[in-house]
Every structure is written in C-alpha cells, then in structure tokens.
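# Summary of the model geometry
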Amino acid sequence: MHTQNQFANNTHNLIFNVSTNARIVIFIICTALCLTSLISPAVALLIGLIIAQFTGHPYLHLNHKATHLLLQISVVGLGFGMNVHSALQAGKEGILFTIASITCTLIFGYLTGKWFKIEKKTSYLISSGTAICGGSAIAAISPVIKAEEKQISVALGCVFILNSIALFIFPVIGHHLNLSQNQFGLWCAISIHDTSSVVGAAGKYGTQALEVATTVKLARALWIIPIAFVSSFLFKNDSRKIKIPYFIGLFILAMIINTYLPAVSIVSPYIIKIAKAGLTLTLFFIGAGLSRTVLLSVGFRPLFQSILLWIAISASALYAVTHWT
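Now for a quick tour of the structure. (Residues numbered from 1 in each chain as written. Predicted model: local features only at pLDDT ≥ 70, side-chain atom pairs only at ≥ 80, totals over all residues. Heavy atoms only, no water.)

## Topic: the overall build of the protein
Threshold: For the purposes of this entry, the term helix denotes a DSSP run of H or I that reaches at least four residues, the term strand denotes a run of E that reaches at least two, and both are numbered from the N terminus. Our radius of gyration looks at C-alpha atoms and nothing else; its globule reference is 2.2 Å times the residue count to the power 0.38. Residue contacts are counted whenever heavy atoms from the two residues lie within 4.5 Å of one another. Method for areas: the Shrake-Rupley scheme with a 1.4 Å probe, in which residue coverage is limited to the protein chains shown. Neither His nor the chain ends is counted toward charge; the positive residues are Lys and Arg and the negative residues Asp and Glu. Just so you know, the charge point we use is NZ for Lys, CZ for Arg, CG for Asp and CD for Glu.
Regarding its fold elements, the protein presents 15 helices and zero strands. Here the protein has a C-alpha radius of gyration of 19 Å; the compact-globule value for 325 residues is 20 Å, and the two agree. Based on the C-alpha atoms only, the size of the protein along its principal axes is roughly 50 × 45 × 40 Å. Pairs at least 24 residues apart make up 84% of the contacts formed inside the protein by residues separated by at least 6 positions. Accessible surface, the protein: about 14,700 Å² in total, of which carbon and sulfur atoms supply 70%. Taken together, the 20 basic and 7 acidic charged side chains of the protein have centroids lying 3 Å from each other.

Now the structure itself:
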C-alpha cells in the first residue's frame, strides 16, 4: 500500500535545525498532550502541522500504519456510543445523498481531469478519494488501477490538505447557517473526504451530529468495493486486488452490543472517551505527516481539480440537506 509517508522523502528539510533527540522529545510531549482533554481534534491537527513544518516527524516511516490502525480502532470504539435503530434511520436518510454525490463527483472529476489535462490515473484517484472516503479509497483503488507512487502521492496530498481545511471551517459554517445536528452530520459525511476529519468536525458540533456523520460515512466507505470492481474493468486490471474495509463490520457489532446488552453501558462511556482521544491523536499524526515536501509535491492543476470537486460536492450537499431534510 502506498501511503502519505512514502512521498514525504525529505524529512530533514526543516526551518529549525534541531537534533534527533530534541525532535523525539517534542513529538512525544505533543502526543501526550493530544491524549488529554485539553486538546481538541482541530487543535491537534494544527499542532501536527506546526511539527511538520518546523521540527519534523521523527517516526514518519511509521506514520501511515499508526494513523490507519488508530483510526479504525477509534471508530469501532465510537460504536459503543451509538444505537442501531437511530443509525439505521441515519443510514436510510443518507443513502440517496450518497449514491447521487458519488456518481456526480466521479463524472465531474472525469470532466475536470480532461479539462485540466491531468494524468488519467491521478485524476481518477482524486475523484475517487473525494467521492468516497479520502485516503482509504485512494489506498484501496490504487493497486487495482496499478497507479504509480507519484500519482498516489499527489492524490493523497490533495485529500489531506483539504481535510485539514474542512476540520476548521465546517463547524463555523454549520453554526453560521444554524444547521441542525442531523443536517450537519449528513453534510459532513457527504462533503469531507476522510473519516477522521468527518468525525472530528461532527464531534465538535454535537453528539447527534457525530452519530449521523459516523454512520453515513462508514456506509459510504463500503462503496469502495463496487467502485474498485468497476475500476478494474476501466483500467483493464485482471488481478482485481481489492482491499475491503473489514473494520466497518466491527463498528456495526459494537453498535449492536451497545443497543442490546444493557450491561455494556457501565463501560461504554470509558470506551467512547478513549476512542475520542484516539481520533484526536490520529489527526495529530495526519498533520505531522504534512511536511513542506508533501505540500509542494501536489502541483497546481491536481490541487485545483480537488478544490473544484470539493466545492461542488460541498455546495450541492449543503443545498440538499437544507432543503430536503
């Protein structure tokens, strides 16, 4: 699997020339802070970005595996705070939005890619990441279409940059427009690329928004499977190696346990607290992986395509949730 740390080759091109030991100490202190209630997900991401620009991530080669595993464990933990019946209701509301937004995003992504003359596989990965679930979709689809490291790097860079912006601006826009918890949760799940930023933004907005956003986003992530199959035909790859997001099944199991086993309510608040701390730490790690090398590797045209796609899906989803829910 290609990851964000694979295209951040130069971790020593830093503004401050600090020793390796100092970098490790700074990183460990920030990691510990992110596990406390003092640091919000948005602040954790910002701290990570500062680390990436000024001192650097001392364990960058382990960053993707850590964020991937930590995100999955944390999402499963959040399942212990959710009810099956309300999750099903949220899923029913989100399915039509999901189908429409994925289809329109992929079509618009194809058209903008042709328009800006962006390399085909790069454009397809950007469109898929925007349409489904960011880095997870890119990681799953890239081996199916036999994408090269540079193509994956550019697509991941676009996704992580826009995710970082979304985590800060979405709650502000939601409060400004007086969106309900349900509306904001739906909007987040449809419009923000990665699950980590969806959960971070929705959790900041409210408990109900978090439940709706997490459920709809994970249901959306399942679209990796059919899109990957279609991709294998479009790019004529007979191997069809597809990475299925199995952790979603564990999330559903956690919801079922929380709903039908009352005894779990004794420990569920502690599990949820740990899960939220894990998500905050995940966002810190993501920010710490966005070095200047990563940011500069993206390029103007792919980033512009990503921004256009993001604005289109965010604006249309916002209109949909404010007029049809």
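## Quick look at unusual backbone geometry
Of note, lysine 117 is a non-glycine position whose phi angle comes to about 55°, a positive value. Looking at the secondary structure, you find lysine 117 in the loop between helix H4 (84–115) and helix H5 (120–131).

## Remarks on helix H9 (residues 195–205)
Rules: Type-normalised accessible area, obtained with a 1.4 Å probe on protein chains alone, sets the label of each residue: buried when under 20%, exposed when over 50%, and partly exposed for intermediate values.
Within H9, nine of the eleven residues are buried, which leaves the element mostly enclosed by the surrounding structure. For H9, every residue scored as buried is listed here: Thr195, Ser196, Ser197, Val198, Val199, Gly200, Ala201, Ala202 and Tyr205. Residues of H9 that are buried sit in contact with helix H2 (41–54), helix H3 (63–78), helix H7 (149–176), helix H8 (181–191), helix H10 (207–221) and helix H13 (268–288).

## Quick notes on the packing of H8 against helix H15 (residues 300–324)
Applied cut-off: Angular values range over 0 to 180 degrees, each being the angle between N-to-C directions of two axes fitted as lines to C-alpha atoms, with helices fitted over their stretch in contact. We call two directions roughly parallel when the angle between them is under 35 degrees, roughly antiparallel when it is over 145, roughly perpendicular when it lies between 65 and 115, and oblique otherwise. Crossing handedness is defined as follows: a turn of the near helix away from the far one that is anticlockwise and smaller than a right angle gives a left-handed crossing, while the clockwise case is right-handed.
Between H8 and H15, the least distance of the axes is 9 Å, while the angle of their chain directions is 155°. When the axes of H8 and H15 are compared, the pair comes out roughly antiparallel. The hand of the H8/H15 crossing is right-handed. When H8 is examined against H15, the residues Gln183, Leu186, Trp187, Ile190 and Ser191 are found in contact with a partner set consisting of Trp310, Ile313, Ser314, Ala317, Leu318, Val321 and Thr322.

## Some details on a nonpolar patch on the surface
To keep things clear, this is the line we draw: Residues form patches when they are more than 30% accessible in relative terms and have no salt bridge. Like charges link within 9 Å. Nonpolar side chains (Val, Leu, Ile, Met, Phe, Trp, Tyr) link within 5 Å. What makes a salt bridge here is a side-chain nitrogen of Lys or Arg within 4 Å of a carboxyl oxygen of Asp or Glu, nothing more.
A contiguous nonpolar surface patch, about 600 Å² in accessible area, is contributed by Leu46, Ile50, Phe54, Ile165, Phe168, Ile169, Ile173 and Leu177. Elements with a contribution of two residues or more to the nonpolar patch: H2 and H7. Positionally, leucine 177 belongs in the loop between H7 and H8. Accessibility expressed as a relative area gives 41% for leucine 177, which makes it partly exposed.

## Quick notes on the packing of H3 against H13
Just so we agree on the cut-off: Polarity classes work like this: nonpolar for Ala, Val, Leu, Ile, Met, Phe, Trp, Tyr, Cys and Pro, charged for Asp, Glu, Lys and Arg, and polar for all others, with Gly in that last group.
The N-to-C vectors of H3 and H13 enclose an angle of 155°; their axes lie 8 Å apart at closest approach. Classified by the angle their axes make, H3 and H13 are roughly antiparallel. Regarding H3 and H13, the two cross each other, and that crossing is left-handed. Counted together, Asn63, Ala66, Thr67, Leu70, Leu71, Ser74, Gly77 and Leu78 of H3 and Ile271, Ile272, Ala275, Lys276, Gly278, Leu279, Leu281, Thr282, Phe285 and Ile286 of H13 form the full contact between these two elements. A class-by-class count of the residues in the contact of H3 with H13 yields eleven nonpolar, six polar and one charged.

## Looking at the packing of aromatic side chains
Here is the rule we go by: Each Phe, Tyr or Trp ring (for Trp, its six-membered ring) is paired with any other whose centre lies within 6.5 Å, and the angle between the two planes then decides the class: stacked below 30 degrees, edge-to-face above 60, tilted in between.
Going through the model one piece at a time under the given rule, you end up with 13 aromatic pairs. Put simply, the rings of Phe170, Phe184, Trp187, Tyr205 and Trp310 pair up and form one aromatic cluster.

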